[in-house]
Amino acid sequence: MGQAAQNPARDEAGGRAQGPAEDRAAPPATPCQEAEPRRGRPRSAAVERAILDAVVQLLEAGETLDGLSIERIARTAGVGKATIYRRWSGKEELFVDVLRDIEPADPTVSGSAGLDDLRVLLESMRTRGLAQRSSALLHNVFVQMKKHPRLWAEYQATVVTPRRVAMLAAVRRAVDAGELRDDLDVEFMDDLFLGPMLVRTVHRPEAPLPEDLADRIIGTLLQGLAPRAAKQQVTTGEPKATPV
């Protein structure tokens, strides 16, 4: 992540960046105000980029999620608090967007394929697992997030749940296409596909994450885990005695 831009908020509220005195004078917008479309110029992508980069900059410098405040983030980004509150209702929503930004992006699936889309989504999980292992920042943010129930709940609701919905939809498409059995519960089958990748990426951080892991999971589940039936031996004459 690059350094935050200097005073990038010359856009939205009169052409100049807000300072600390304006922070105290401008209370945060209420959620209902946040939902209303703003008049005038569109929001600046550069401002949002500066705010996200400011959070990452502070975390990389050793700040904890507990220690970060909207005031500190605003000063680092060169904007006023009101500029942040126009985009996020509080730290929880902001931190979730920061995590989205530093995680590998979610993949785009066809929305029409079954097993192929499922393979893409499983591969995305593997990629995120690799990212958490290789990025100290990403790992530390996740560890800290789990200690904040509101923040963790926000992440689960806005990031994890949509990913699970996408997986379930792919399994349903695979059933409809005849690629999977239609006599089993879809959520149960989804858990069977998701489980091995979840164990490898979350519960066993030392376990390997090879490039063909998604294919191996799908292939193994399709073939089943029962041993292959032994070929019957074709004999002529009297059957051979079976050793005791």
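See the structure above.
On a predicted model such as this, the values are computed, not experimentally measured, just so you know.

## Observations concerning the overall build of the protein chain
Then step 1. If you tally the helices and strands in the protein chain, you get 11 helices and 0 strands.
Then step 2. Classification of the 244 residues of the protein chain by burial places 36% in the buried group.
Then step 3. When contacts within the protein chain are restricted to residue pairs at least 6 apart in sequence, long-range pairs at least 24 apart make up 68% of them.

## Quick word on a nonpolar patch on the surface
Then step 1. There is a patch of nonpolar side chains on the surface, built from Leu184, Phe188, Leu192 and Leu221 and spanning about 310 Å² of accessible area.
Then step 2. With respect to the helices and strands, the residue Leu192 is situated in helix α10 (residues 186–203).

## Section: the nonpolar core
Then step 1. The biggest cluster of nonpolar side chains holds 33 residues, and the ones touching the most others in it are Ile51, Val55, Ile73, Ile84, Leu94 and Phe95.
Then step 2. Those elements that place two or more of their residues in this core are α3 (45–60), α4 (70–77), α5 (81–85), α6 (91–102), α8 (136–145) and α9 (149–176).
Then step 3. Considering each element in turn, this core owes the most residues, 9 residues, to α3.
Then step 4. Ignoring sequence-local partners within four residues, the contact set of Ile84 consists of Ile51, Ile70, Ile73, Ala74, Val79 and Leu94.
Then step 5. Core analysis: the next-biggest nonpolar cluster, separate from the first, contains 22 residues, Leu115, Val171, Met189 and Leu209 among them.

Scoring rules and cut-offs
Position numbers for residues count from 1 along each chain, tracking the sequence in the order it is written. Residue-level local features of this predicted model are given only where pLDDT is at least 70; pairs of side-chain atoms are given and counted only at 80 or more, and the full residue set underlies all totals for whole chains, interfaces and linings. The side-chain values count all of the structure's non-hydrogen atoms but skip hydrogen atoms and water molecules. Here a helix means four or more residues in a row that DSSP labels H or I, a strand means two or more in a row labelled E, and each is numbered from the N terminus. Only protein chains enter the area calculation, which uses a 1.4 Å probe; residues under 20% of their type maximum are buried, those over 50% are exposed, and those in between are partly exposed. Two residues qualify as a contact provided that any one of their heavy atoms is within 4.5 Å of a heavy atom in the partner residue. Patch membership needs two things, relative accessible area over 30% and no salt bridge, and members are linked within 9 Å if like-charged or within 5 Å if nonpolar (Val, Leu, Ile, Met, Phe, Trp, Tyr). Per-residue and other accessible areas follow the Shrake-Rupley method at a 1.4 Å probe size, with only the shown protein chains counted as cover for residues. Throughout this description, the term salt bridge denotes a Lys or Arg side-chain nitrogen within 4 Å of a carboxyl oxygen of Asp or Glu. Residues grouped as a nonpolar core are buried Ala, Val, Leu, Ile, Met, Phe, Trp, Tyr and Cys residues, joined through side-chain atoms within 4.5 Å.

Scope: geometric values only; no functional claims are made or implied.
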